[in-house]
Amino acid sequence: MYPTSIGKLHLPHFIYNAAGVWDTTLHQCQQLEETRFCAATVTKSCTLYSRKGNEYPKYHFDSSHFSINSNGLENGGYAYYIDYLKPQATHPVFYSVGGMTDDERITILKYITACAHAGENCGIELNMSCPNLGCQPAAYDAKHLDQALRKIFSATGKIPLTFGLKLPPYYLPEQFSSISEVIANYKSQIDFITCINSVPNGIDFDIDNDYTKIVPNEGYGGIGGPAVLPIGLANVRRFSQIFRARDLDIAVIGCGGVSSGSDVYKYILAGAAAVQVGTHLWKNGLCVFEELLGRHEHYLILGTHPMEDFQVD
Ligand code: RRO
C-alpha cells in the first residue's frame, strides 16, 4: 500500500468514502473502519440537531452512468458523531461539518476542537456546498465564501486539527481564480480542499410511471457517479495547478465518479493527494475498497492496464 498525507493526517493509502455515503450511522462508520481497505472515514455532514432529511425516494442509483440524490442532510446531530472520535484512534477520521448557518458551524467547530477525543487522527471537512438545501451554499460564490470563512475563523481562531473544505464543482476560469484567491487568504487555516460535491440540479424520470425518479425538490438533486468524473478531474487539476503555481501547501482530494482503479489513477494524475468514493460505494458496498485499491496499485506498480479496462457494462 502507498501511504499519503493530508495536513497532519497520515493515511495508509489513497482511498476512502465520500461524505454522505455509508457514514450516517455509527455502525456504518465502524464498518468502514473495519474493512481495513478504507484509508479513513468521513462522517456524514452534521448539523446542530439531528435531521431526518428529505422524504423517500431520495436516491436514484439504477443508472450505470450517474446517481441523483436529495438526501437533505439527514444526520444524527453533531454530538452523535463525536462518539466516533476515539482517543488514540489509529484509523483517521474526517468529521464532516455541514450546519445550516455559520453560527451553527462555529458552535460545532468549537465543540470538536475542544473535545478531548479529537486527537491526532481527526480532521475536519467543512461542507458548504450541499446542493439540496434550497438555498445557494456559500462555496458557490467567492464573496460569500470569503465572508463565511472570515466569520467562522474569527470566532474559532486557529483550528488545531487538519482542516479542509468540501467544494462544489466550478466551471469557469474566473471561478477557479476567485475561489483560489479566497482559499489563499486563509492558507494558514486550510490544509486541504475536496473537489467535488455532487453536481447540482439533475433530474431523471421513471418512464414506466411518468414520475421523477426521486421525490424531494420536485425531482431535482445532486448528480454523482461516472458522468461527473471529468468534472471532478478537471476541478482537481485546476486547483492543483493554481496551488502549485502559487506555492500553496494545500492538498486536493478527488471526489466524483470513481468506479475503477483507473479512475483513481486519473485523479492522482490530476494532482489528488487522496480519492473519495461515493456512488460506487453506495451501489456496490464495502467490497469496493479492496477492489479499487488492488487495481489502482496495479497501475502504480506495473504501469499496465488491469482487466477492468476491458469490461463492458
Ligand atoms: O444530504 C445531502 O442531500 C447532500 C449533501 Br449534505 C451534500 O453535501 N451533497 C449531496 O449530494 N447531498
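The structure under discussion appears in the preceding block.
Here's what I pulled together on the structure shown here.

What counts, and where the lines are drawn
- Residues numbered from 1 in each chain as written.
- Predicted model: local features only at pLDDT ≥ 70, side-chain atom pairs only at ≥ 80, totals over all residues.
- Heavy atoms only, no water.
- Near = heavy atom within 4 Å.
- Polar contact = N/O pair within 3.5 Å; in protein donor to acceptor, adjacent residues only side chain to side chain.
- Areas by Shrake-Rupley, 256 points an atom, 1.4 Å probe, with all protein chains shown as cover.
- Nonpolar A, V, L, I, M, F, W, Y, C, P; charged D, E, K, R; others polar.
- Patch = residues over 30% accessible without salt bridge, like charges linked within 9 Å, V, L, I, M, F, W, Y side chains within 5 Å.
- Salt bridge = Lys/Arg side-chain N within 4 Å of Asp/Glu carboxyl O.
- Helix = DSSP H or I, 4+ residues; strand = E, 2+ residues; numbered from the N terminus.
- Contact = heavy atoms within 4.5 Å.
- Buried < 20%, exposed > 50% of the residue type's maximum accessible area, 1.4 Å probe, protein only.
- Phe/Tyr/Trp six-rings, centres within 6.5 Å; stacked < 30°, edge-to-face > 60°.
- Pairing = 2+ DSSP bridges.
- Axes fitted to C-alpha atoms, helices over the stretch in contact; angles between N-to-C directions.

### Side note on the site of the ligand
Taken together, the residues surrounding the ligand are Lys44, Asn69, Asn71, Gly72, Leu73, Asn127, Cys130, Pro131, Asn132, Asn197 and Ser198. Take Asn69: an N or O atom from its side chain is 2.8 Å from an oxygen atom of the ligand. Take Asn71: an N or O atom from its main chain is 3.2 Å from an oxygen atom of the ligand. For the ligand, whose accessible area on its own is 310 Å², the fraction buried by protein is 92%. For the shell around the ligand, the residue count by class is three nonpolar, seven polar and one charged.

### Quick word on a nonpolar patch on the surface
On the surface, a nonpolar cluster with roughly 410 Å² of combined accessible area is contributed by Ile203, Phe205, Ile207 and Tyr220. Along the polypeptide, Tyr220 turns up in the loop between β13 (211-212) and β14 (221-224).

### Describing the environment of Val275
Here Val275 lies in strand β16 (residues 274-277). Once the C-alpha coordinates of Val275 and Gly164 are considered, the two residues, 111 residues apart in sequence, prove to be 14 Å apart. Non-local contacts of Val275, meaning those with residues more than four positions away in its chain, are made with Phe14, Ile15, Tyr16, Ile253, Gly254, Val258, Val264, Tyr267 and Ile268.

### Re the pattern of salt bridges
Scanning the model with the defined rule gives seven salt bridges in all. A salt bridge links Lys58 to Glu74; the nearest nitrogen and oxygen atoms lie 2.7 Å apart. One end of the pair, Lys58, is in the loop between β4 (41-42) and β5 (59-60); the other, Glu74, is in the loop between β6 (67-69) and α2 (78-82), and 16 residues separate them in sequence. A relative accessible area of 0% places Lys58 in the buried class.

### As for the packing of aromatic side chains
Overall, the coordinates contain 14 aromatic pairs when judged by the stated rule. Geometrically, the ring pair formed by Phe153 and Phe163 is edge-to-face, given 5.5 Å between the ring centres and 70° between the ring planes. Of this pair, Phe153 sits in helix α4 (residues 142-156) while Phe163 sits in strand β9 (residues 162-167), placing them 10 residues apart in sequence. The buried category is assigned to Phe153, whose relative accessible area is 7%.

### Some points on the sheet that holds strand β10 (residues 192-195)
On the basis of which strands lie adjacent, the open sheet formed by eight strands has the order β3-β16-β15-β10-β9-β8-β7-β4 and parallel pairing. Of all strands in the sheet, those bounded by a partner on one side alone are β3 (15-17) and β4. In the packing of helix α3 (residues 102-114) onto the sheet, contacts are made with β7 (93-97), β8 (122-127) and β9, and the angle to β7 comes to roughly 155°. Against the sheet, helix α6 (residues 229-245) contacts β9, β10 and β15 (251-255), and its axis sits at roughly 175° relative to β15.

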